[in-house]
Amino acid sequence: MAMVVEANVHQLVPYDVSMKSESHKRRRDSSADQYANCEEDKADAMIRAKDIQANLAPEFPSIIKHMVPSNVTGGFCLNLGRKFCDAHLQEEDTTIFLEGEGGKSYPTKYLARKSGLSGGWRCFAIDHNLKGGDIVVFHLVNPTTFKVYIARVNGSQNENGALGLLKLEACVKPMNCKNLSKGGEEMKNQVLKPLLLDNPEENSEKNMVIHVTDLGTRSVHSENESEDLGFEITDGIRLSETVVDFKEVKSFNDFDILVNGLVINCELSKRLQIKYYELCCSQKSFLHEHLLDGLNCKLVAGMLAETINIADAIRASKLTTSQNDFATWENTLKSFQGLGMNVGFLLARLGRLVTLSDKSKRVKVATLERVNAEMERRSLEAKLLEVKETMNRLDFEIETLEMNSENLGRVFEKMATAHW
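Note that the coordinates shown come from a computational prediction; the quantities given were computed from them, not determined experimentally.

Caption draft 1: Quick peek at the nonpolar core. Formed by 38 residues in total, the largest nonpolar core has its most connected members in Phe255, Ile264, Tyr276, Leu333 and Met341. Broken down by secondary-structure element, the contributors of at least two residues to this core are strand E12 (237-239), helix H7 (270-283), helix H8 (297-316), helix H9 (323-338) and helix H10 (344-403). Among the elements that line this core, the one with the most residues is H8, at ten residues. Those residues in contact with tyrosine 276 that lie beyond four places of it in its chain are Phe255, Ile257, Phe286, Leu287, His288, Leu304 and Ile308. Listed in part, the 25 residues of the second largest apolar core include Phe76, Ile96, Leu98 and Tyr110.

Caption draft 2: Structural detail: the packing of H8 against H10. Viewed as axis vectors pointing N to C, H8 and H10 meet at an angle of 30°, and their least axial separation amounts to 11 Å. Here H8 lies roughly parallel to H10, going by the angle between them. Here the hand of the crossing between H8 and H10 comes out left-handed. Two secondary-structure elements touch here, H8 through Thr307, Ala311 and Ile314 and H10 through Leu346, Arg349, Leu350 and Leu353. Tallied by class, residues from the contact of H8 with H10 come to five nonpolar, one polar and one charged.

Caption draft 3: Examining the pairing of strand E6 (residues 135-142) more closely. By the criterion of burial, E6 is predominantly enclosed, with six of the eight residues buried. Where strand E1 (residues 62-66) and E6 come together, five bridges link them in antiparallel fashion. Residue pairing for E6: isoleucine 64 is matched across the bridge by valine 137. Direction of pairing for E6 relative to strand E7 (residues 145-151): antiparallel, over a ladder of seven bridges. By the bridge assignment for E7, phenylalanine 138 is matched with valine 148. From the end of E6 to the start of E7, which pair antiparallel, there are two residues.

Caption draft 4: Structural detail: the pattern of salt bridges. For the structure shown, the criterion picks out eleven salt bridges. Residues lysine 298 and glutamate 267 are paired through a salt bridge, measuring 3.2 Å at the closest nitrogen-oxygen approach. Of this pair, lysine 298 sits in helix H8 while glutamate 267 sits in the loop between strand E14 (262-263) and H7, and the two are 31 residues apart along the sequence. Each of Glu374, Arg377, Arg378 and Glu381 takes part in one network of salt bridges that share partners.

Caption draft 5: Region of the structure containing the packing of aromatic side chains. According to the stated counting rule, one finds twelve aromatic pairs in the structure shown. Plain terms: the ring middles of phenylalanine 252 and tyrosine 277 are 5.7 Å apart, the flat faces sit at 75° to each other, and that makes the pair edge-to-face. On the criterion of sequence distance, the pair formed by phenylalanine 252 in the loop between E12 and strand E13 (258-259) and tyrosine 277 in helix H7 is long-range, its members being 25 residues apart. Here the aromatic cluster, defined as three or more aromatic residues joined through ring pairs, consists of Phe84, Tyr106, Trp121, Phe124, Phe138 and Phe146.

Caption draft 6: Structural detail: the packing of H7 against H8. Direction vectors running N to C along H7 and H8 enclose 70°, while the axes themselves pass 10 Å from each other. As summarised for this structure, H7 and H8 are arranged roughly perpendicular, according to the angle between their axes. Together, Arg271, Leu272, Lys275, Tyr276 and Leu279 of H7 and Leu304, Ala305, Ile308, Asn309, Ala311 and Asp312 of H8 make up the contact between the two elements. Here the residues of the contact of H7 with H8 are counted per class, giving seven nonpolar, one polar and three charged.

Caption draft 7: Region of the structure containing the sheet that holds strand E2 (residues 78-79). With mixed pairing, the seven strands of this open sheet are ordered in space as E1-E6-E7-E3-E4-E5-E2. Taken across any chain shown, the strands that pair with only one partner, and hence form the sheet edges, are E1 and E2.

Caption draft 8: Summary view of unusual backbone geometry. Although it is not a glycine, serine 115 sits at a positive phi angle of roughly 55°. Residue placement: serine 115 occurs in the loop between strand E4 (105-111) and strand E5 (116-117). On the basis of relative accessible area, serine 115 is assigned to the buried category, the value being 2%.

Analysis parameters
- Throughout this description, residue numbers start from 1 for each chain and increase along the sequence as written.
- Owing to the predicted nature of the model, reporting of local features is limited to residues with pLDDT of at least 70; listing and counting of side-chain atom pairs is limited to 80 or more, with chain, interface and lining totals taken over all residues.
- By convention in this description, side-chain values take in all heavy atoms of the structure and omit both hydrogens and water.
- As used here, the term nonpolar core means buried Ala, Val, Leu, Ile, Met, Phe, Trp, Tyr and Cys residues forming a set that is joined through side-chain atoms within 4.5 Å.
- Exposure classes here rest on a 1.4 Å probe applied to the protein chains alone. A residue is buried below 20% of its type maximum, exposed above 50%, and partly exposed in between.
- Each helix corresponds to a stretch of at least 4 residues labelled H or I by DSSP, and each strand to a stretch of at least 2 residues labelled E; elements are numbered beginning at the N terminus.
- Contacts are assigned to residue pairs that have any heavy atoms within 4.5 Å of one another.
- An axis is simply a line fitted to the C-alpha atoms; with a helix, the fit covers only the stretch in contact. Between two such axes, the angle follows the N-to-C directions and lies from 0 to 180 degrees.
- These descriptions rest on fixed angle ranges, namely under 35 degrees for roughly parallel, over 145 for roughly antiparallel, 65 to 115 for roughly perpendicular, and the rest for oblique.
- By convention the crossing between two helices is left-handed if the near helix lies anticlockwise of the far one by an angle smaller than a right angle, and right-handed if it lies clockwise.
- Under the scheme applied, nonpolar residues are Ala, Val, Leu, Ile, Met, Phe, Trp, Tyr, Cys and Pro; charged residues are Asp, Glu, Lys and Arg; polar residues are all the others, including Gly.
- Strand pairing is assigned whenever DSSP identifies at least 2 bridges connecting the two strands.
- Any Lys or Arg side-chain nitrogen found within 4 Å of a carboxyl oxygen on Asp or Glu counts as a salt bridge.
- For Phe, Tyr and Trp, where Trp contributes only its six-membered ring, two rings pair if their centres lie within 6.5 Å, and the inter-plane angle classes them as stacked under 30 degrees, edge-to-face over 60, or tilted in between.

What follows is the structure, encoded as C-alpha cells:
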C-alpha cells in the first residue's frame, strides 16, 4: 500500500509543476497585455489632451499635466512647472480658481515659491474623480483663473463631449461675428455639419446636427438626447432669442448685454453687470446700442468694463485729482464715443468737473500769488523805511554844516593869512 502511495505521488508531482508553469505563463501574458493596454490608453489620452489644447483660444496660454499618484492621492499637490509660472502667473502667493467642465469654480492656493497648487486642489481632484494617468489641460483664461479639461485614461464620454464643444466653437465663432449681425435669409434654416468626436461609437449614437432656425436662435437635435442646452455656444456666450428694447427691461434679471446677436453677460463679472445696468438705467437705454457692427465681443466687453471703471473714478474724484487723470479719462471716453458708445453724459459730467477743478486750482494759484505779492510789499516797505531814515540823517547833517559854514570860512581865511 505504501508503494501505491509513492507511485501516486510520483505521478502527481510532474502534473503540478506543469500546471504551475502554464498558470505563470498565462499570468505573465495577462500582465503584459494589461501593461500594453495601459500604455496604449495613456498614449490615447495624451493625443486627446493635445487635441483639446489645439482647439483652445491661442491668445490664452495653456499647459498639459500628466496626473501621478501624488497629484490625486495622499498629498494632493500639483506642480505647474517653473517656466510656465514665471511666464504667466503672479510672483506672489495668491488664490487661483479652477473652473471645471461643469462650470463650477474651485478656489485653490497658488504657492509662487513652489510653482504649484496646494489648498483647494484636493477638493477639485476628488470632485472630478481624477486618477493617476489622467491628462489634464489647464487653460489660463485670466491671470487668476484656469479652465480645466480632462482627458481620462479610459476615454470618458464627457471628455469627448467637451472636445466636441471646443470644435463647435471654432466652427460657430466666425458665423457669430458676421452672419448674425446681418439678419438676412442666409441665417434661416442653416445647418452646420455634424461634429465628429474622438469616439466613433459616440458619433453613431448621437448623430448630432445643429440647426440655426432663425436669427439669434439655434436648436440641437439628437436621436438619444433631447436636453435643452439653453442656447449655449461656449464659455457662457449664447445666442439671443429676441432683440429686447430697453423699455422692456423691468429689473436686473431681465437685463442682457447683446452684441451682434450674442448675449455676452458672462464676459463681465456680476458686479460689473450690475453697475452697467445702473448706468443704462440712468440713460434709459443700452449704452452700447449703437456700437459699430462686427466688433469683437471681448473688445466690447473690455470697453464696457473700462466705461464702468471711468464712471466710478469720476464719482470718486476730488478737487485734488490730477489734470492728467482727467485728460486720460476724457481721451478714452472720446475714443469709445467714436465707436458708437453712448458716453456723452459721462463726458459732460467730466467737463463740468474739469471746469470746477480748474477754478479751484486758479483760486489756489491766485492766493499763492497774493501771498507772494504781500511778502514783496513788506520787503519794499522795509527798504523804504531804511531809505527814509538815511535821508533824515543826511538832512540833519546838512543843516548842521550850513549853520557852521560862515564861521568855518572866517577860521579858514585867518589860518591861511597868518604869519609863518
